[in-house]
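# Results of the structural survey
The primary structure of each chain is shown beneath.
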Amino acid sequence: MTGSDLPPSLIEKVAVHERVAVLALLALVAALGLAATLWTGDALMMGMMGMPLFEGPLAAAILLLVMWWSMMMAMMLPSAAPVILLYASMRRSHLSKGHSQPPLVSFVLGYAVVWTGFSVAAVALQLAVQNVVPLSGMMAVTSKVLGGGLLLLAGVYQLTPLKHACLRNCQVPLMFLARRWRNDAVGVFRMGAAHGLQCLGCCWVLMGL
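If you're wondering where the values come from, they're calculated on a predicted model, not measured in any experiment.

## Comments concerning the overall build of the chain
A tally of regular secondary structure across the chain gives 8 helices and 0 strands. When the 209 residues of the chain are sorted by exposure, 33% land in the buried category. Once local pairs closer than 6 in sequence are excluded, the contacts in the chain between residues at least 24 apart make up 73%. Surface accessibility of the chain: about 12,200 Å² in total, with carbon and sulfur atoms responsible for 73%.

Here's what the structure looks like:
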């Protein structure tokens, strides 16, 4: 029996179960990411207090990367739920008509790779400026002038055409997918990465702050 031969009631049940499964997995990712972020924050503080297991530049860099990456996954994957569920629905429609379409994980991996790259860049920047920029024990900027300047720059970015263009693509995922739809695994991965870049264009200043 092909996808197009399935009765509508069964197709509806599959759709509901798929939606519940995807949302449950995203909730699990958010919970695990939050737990990992809190744990790495505590571990970094232990390293600052001289505990051997978490001491040293390499350990600090690894913990920072885990903290940034888990924080990004916890925040951004659930926020991408609308486009992830929409891709799943459109894929199911293609399969029901007898067409092949890569699995949902290809799209999600493309999205996650973008925020993984951002996490690596954030850690590299943080390590590069830590001896120049005044930071507190919790890695917050202590200079009021620098902090205020960064906040003003972030506010200005919110008014730029680039920010609004990225925001439109994030707010209307149907148009985004319709324009970029692909039927191969690499193409779907690139679709996910392209949507991740749009989200990054919306949020990178906020994450930087």
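After presenting the structure, the write-up continues.
## As for the nonpolar core
In this structure, Tyr87, Phe107, Trp115 and Leu177 are the most contacted members of the largest nonpolar core, which totals 35 residues. For this core, the secondary-structure elements that each account for two or more residues are α2 (57–79), α3 (81–96), α4 (104–129), α7 (173–180) and α8 (185–208). Other than its neighbours up to four places away in sequence, Tyr87 contacts Gln101, Pro102, Pro103, Leu104, Phe107, Leu177, Trp181, Val188 and Met191.

## Notes on the side chain of Lys163
Here Lys163 shows up in helix α6 (residues 161–171). Ignoring any residue separated from it by four or fewer positions in sequence, one finds Lys163 in contact with Tyr157, Gln158, Gly201 and Cys202.

## What about a nonpolar patch on the surface?
On the surface, Val141, Leu146, Leu150, Leu151, Leu153 and Leu209 cluster together into a nonpolar patch covering about 530 Å² of accessible area. For Leu150, the position within the fold is in helix α5 (residues 144–157). Of the residues examined, Leu150 reaches a relative accessible area of 36% and is grouped as partly exposed.

## Things to note about the packing of aromatic side chains
For the structure on display, the rule yields 5 aromatic pairs. For the pair Tyr87 and Trp181, a centre-to-centre distance of 5.3 Å together with 35° between the ring planes defines the contact as tilted. Taken together, the residues Tyr87 in helix α3 and Trp181 in the loop between α7 and α8 connect sequence positions 94 residues apart. With relative accessibility at 15%, the residue Trp181 sits in the buried group. Look at Trp115 and Phe118: their rings are 5.5 Å apart centre to centre, the planes differ by 75°, and that puts the pair in the edge-to-face class. Here Trp115 pairs with Phe118, and both are found in helix α4, just 3 residues apart, close to one helical turn. Exposure class is identical for Trp115 and Phe118. Each is buried. Taken together through their ring pairs, the aromatic side chains of Trp68, Trp115 and Phe118 make up a single cluster.

## A word on the packing of α4 against α8
It is the contact of α4 with α8, at a shortest axis distance of 7 Å, that shows an interaxial angle of 35°. Crossing hand, α4 versus α8: right-handed. Here the contact of α4 with α8 is built from residues that sort into 18 nonpolar, 6 polar and no charged.

## Things to note about the packing of α7 against α8
Contact pair α7 / α8: the axes reach a minimum separation of 11 Å and the direction vectors enclose 140°. Accordingly, the angle class assigned to the pair α7 and α8 is oblique. Once α7 is placed against α8, the crossing between them reads as right-handed. Where α7 abuts α8, its residues Phe176, Leu177 and Arg180 lie against Met191, Ala194, His195 and Gln198. By residue class, the composition of the contact of α7 with α8 is 4 nonpolar, 2 polar and 1 charged.

## Notes on a positive patch on the surface
Together, Arg179, Arg180, Arg182 and Arg190 line one region of the surface with positive charge. Taking the relative accessible area as the measure of exposure, Arg180 reaches 36% and is therefore partly exposed.

## Side note on the confidence of the model for the chain
On average, residues of the chain carry a pLDDT of 77, and 74% of them reach 70 or more. This stretch, residues 1–15, has a pLDDT under 50; its non-local contacts, to residues over four places away or in other chains, come to 8 contacts.

## Here we look at the side chain of Ser106
Along the chain, Ser106 turns up in helix α4. Residue class for Ser106 comes out buried when judged on its relative accessible area of 12%. With near-sequence residues (within four places) excluded, Ser106 lies in contact with Ala185, Val188 and Phe189.

Cut-off values and rules
- Residues numbered from 1 in each chain as written.
- Predicted model: local features only at pLDDT ≥ 70, side-chain atom pairs only at ≥ 80, totals over all residues.
- Heavy atoms only, no water.
- Helix = DSSP H or I, 4+ residues; strand = E, 2+ residues; numbered from the N terminus.
- Buried < 20%, exposed > 50% of the residue type's maximum accessible area, 1.4 Å probe, protein only.
- Contact = heavy atoms within 4.5 Å.
- Areas by Shrake-Rupley, 256 points an atom, 1.4 Å probe, with all protein chains shown as cover.
- Core = buried A, V, L, I, M, F, W, Y, C linked by side-chain atoms within 4.5 Å.
- Patch = residues over 30% accessible without salt bridge, like charges linked within 9 Å, V, L, I, M, F, W, Y side chains within 5 Å.
- Salt bridge = Lys/Arg side-chain N within 4 Å of Asp/Glu carboxyl O.
- Phe/Tyr/Trp six-rings, centres within 6.5 Å; stacked < 30°, edge-to-face > 60°.
- Axes fitted to C-alpha atoms, helices over the stretch in contact; angles between N-to-C directions.
- Left-handed = near helix turned anticlockwise from the far one by under 90°.
- Nonpolar A, V, L, I, M, F, W, Y, C, P; charged D, E, K, R; others polar.
- Parallel < 35°, antiparallel > 145°, perpendicular 65-115°, else oblique.
- Lys, Arg positive; Asp, Glu negative; His and termini not counted.
- Charge placed at Lys NZ, Arg CZ, Asp CG, Glu CD.
- pLDDT = per-residue confidence, 0-100.

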